[in-house]
Structures are given as C-alpha cells and as structure tokens.
Amino acid sequence: MIIGYAAGAFDLFHVGHLNILRQAKSRCDYLVAGVVSDERLLLTKGRRPVIPESERLDIVSSIGFVDKAVLDFHHDRLRTWEDVGFDVFFKGDDWKGTQGGKELEELFAAVGVKVEYFPYTVHTSSTKLRVALGQLSPPPIRAQRA
C-alpha cells in the first residue's frame, strides 16, 4: 500500500485545494492531508489564516478522498515523515527545479520517500481570494470630531 502526504494551509478552501487533494489521491492508496497549523503559518508566511486550524482540519477531514487529515506543525519534514509514515510527498510544481525542491527531494530520498509534483489551479488561490475579500470590505468608519 502506498501512503501519500499532501500538506497545505487549505485556508479559504477552494477548487485549487480540491484539485491538489484529488490528484494526490489518484497517485496513492491512502492519502494523508496535512493541514498546516496557525502557528506555523504565522512563522512562515507572517500572517494568520482567515479560517482557524480546527475548522480547516474539519473541512479537509470531510473530503471523501482524504483518508486522514492531521495537523501539520513541524517545520522539519523528516519529523512529519516520522509521525505520519508516508511513501510519497506531494508538492506543487512551483517547487520543481528550485533549490528548496531539490533539497526536499534529497532529504526524502535518504529515507526512501518519493517527491511528486503537480500543477496548481492557476486561476484560483487563497491569496487572490484574500485580496478580493479585502476589496469587498468597506473602509473602517472613523469617528468625526465635533
């Protein structure tokens, strides 16, 4: 049995997230989805997610082709591998050929884990949704001086 691992923030869940998980499941027998913790997102991206980790974990757990969802809080991917025990690590193709991608491949090759890449859904992203939501919000009301 091939166990796959796909990690992401899965904030403002959209069709791109669904596509990532669907593609990952098509390449393994058992899919574990890692939902990146609020704390780790704050450290790596410099901001908290819109949807809190407990709700994001609940959403991802409810997807039919996700066999198990776990909170992803390790920065060290080998610690994640030790906790989960996967055979294939799925990553977006924006990492392919980059220094970080090469380092990830080398790290996992040492323990027999294969890194597979697949394309993101180009027209949708949580970042674009954040921007759009920000544009929909009215400016804050300021108190007028008398």
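Everything below is about the structure shown above.
Owing to the predicted nature of the structure, the values given are computational and were not obtained by experimental measurement.

Asks: What exactly am I supposed to notice about unusual backbone geometry here?
Replies: In terms of backbone geometry, most residues other than glycine have negative phi values and most peptide bonds are trans. In this structure, Phe-10 is a non-glycine residue whose phi angle is positive, near 55°. Mapped onto the secondary structure, Phe-10 falls in the loop between strand S1 (3-8) and helix H1 (15-26). Phe-10 gets classed as buried once you look at its relative accessible area, which sits at 3%. Located in the positive-phi region is Leu-12, a residue other than glycine, with phi close to 50°. As for its placement among the helices and strands, Leu-12 is situated in the loop between S1 and H1.

Asks: Help me out: how do you make sense of the packing of aromatic side chains in this one?
Replies: How two aromatic rings sit relative to each other is set out by the distance from centre to centre and by the angle between their planes. All chains considered together, the criterion is met by seven aromatic pairs. Both rings, one in Phe-86 and one in Phe-108, keep their centres 5.6 Å apart while their planes meet at 80°; by these two values the pair is edge-to-face. In this pair, Phe-86 sits in the loop between helix H4 (77-84) and strand S4 (88-92) while Phe-108 sits in helix H5 (residues 99-109), placing the two residues 22 residues apart along the sequence. An aromatic cluster of three or more residues is present, and its members are Tyr-5, Phe-86, Phe-89 and Phe-108. A cation over an aromatic ring shows up here: Lys-91 above the ring of Trp-95, its NZ or CZ 4.1 Å from the ring centre.

Asks: It is not clear to me how the sheet that holds S1 should be interpreted in this structure. Could you clarify?
Replies: For sheets, the rule is that strands pair by backbone hydrogen bonds, running either parallel or antiparallel. Ordered by their spatial adjacency, five strands build an open sheet running S3-S2-S1-S4-S5, and the pairing between neighbours is parallel. Pairing within the sheet leaves two strands with one partner each, and these edge strands are strand S3 (68-72) and strand S5 (114-118). Geometrically, the sheet is characterised by an average inter-axis angle of 30° between neighbouring strands, direction not taken into account. As paired elements, S1 and S4 share three bridges and run parallel to each other. Its bridge partner being in S4, Ala-6 is matched across the sheet by Phe-90.

Asks: Looking at this structure, how should I read the environment of Phe-108?
Replies: A relative accessible area of 0% places Phe-108 in the buried class. As a C-alpha pair, Phe-108 and Leu-78 span 30 residues in sequence and 7.6 Å in three-dimensional space.

Asks: Explain the side chain of Lys-91 to me, please; I cannot follow it from the model alone.
Replies: Mapped onto the secondary structure, Lys-91 falls in strand S4. In this structure, Lys-91 is buried with no salt-bridge partner, the nearest side chain bearing the opposite charge being Asp-94 at 6.7 Å. The contacts of Lys-91, once residues within four sequence positions are left out, are Leu-104, Glu-116, Tyr-117 and Phe-118.

Asks: I'm lost on the packing of H4 against H5 in this one. Help?
Replies: Two measures define how a pair of helices packs: the angle their axes make with one another and the distance between the axes. Two numbers describe how H4 lies on H5: the axes approach to 10 Å, and their chain directions differ by 40°. For the element pair H4 / H5, the angle class is oblique. The two elements H4 and H5 cross, and the hand of that crossing is right-handed. Contact residues: Arg-77, Leu-78 and Trp-81 in H4; Leu-104, Leu-107 and Phe-108 in H5. Of the residues contributing to the contact of H4 with H5, the split by class is five nonpolar, no polar and one charged.

Criteria and cut-off values
Residues numbered from 1 in each chain as written. Predicted model: local features only at pLDDT ≥ 70, side-chain atom pairs only at ≥ 80, totals over all residues. Heavy atoms only, no water. Helix = DSSP H or I, 4+ residues; strand = E, 2+ residues; numbered from the N terminus. Buried < 20%, exposed > 50% of the residue type's maximum accessible area, 1.4 Å probe, protein only. Phe/Tyr/Trp six-rings, centres within 6.5 Å; stacked < 30°, edge-to-face > 60°. Lys NZ or Arg CZ within 6 Å of the ring centre and 35° of its normal. Pairing = 2+ DSSP bridges. Axes fitted to C-alpha atoms, helices over the stretch in contact; angles between N-to-C directions. Lys, Arg positive; Asp, Glu negative; His and termini not counted. Salt bridge = Lys/Arg side-chain N within 4 Å of Asp/Glu carboxyl O. Contact = heavy atoms within 4.5 Å. Parallel < 35°, antiparallel > 145°, perpendicular 65-115°, else oblique. Left-handed = near helix turned anticlockwise from the far one by under 90°. Nonpolar A, V, L, I, M, F, W, Y, C, P; charged D, E, K, R; others polar.

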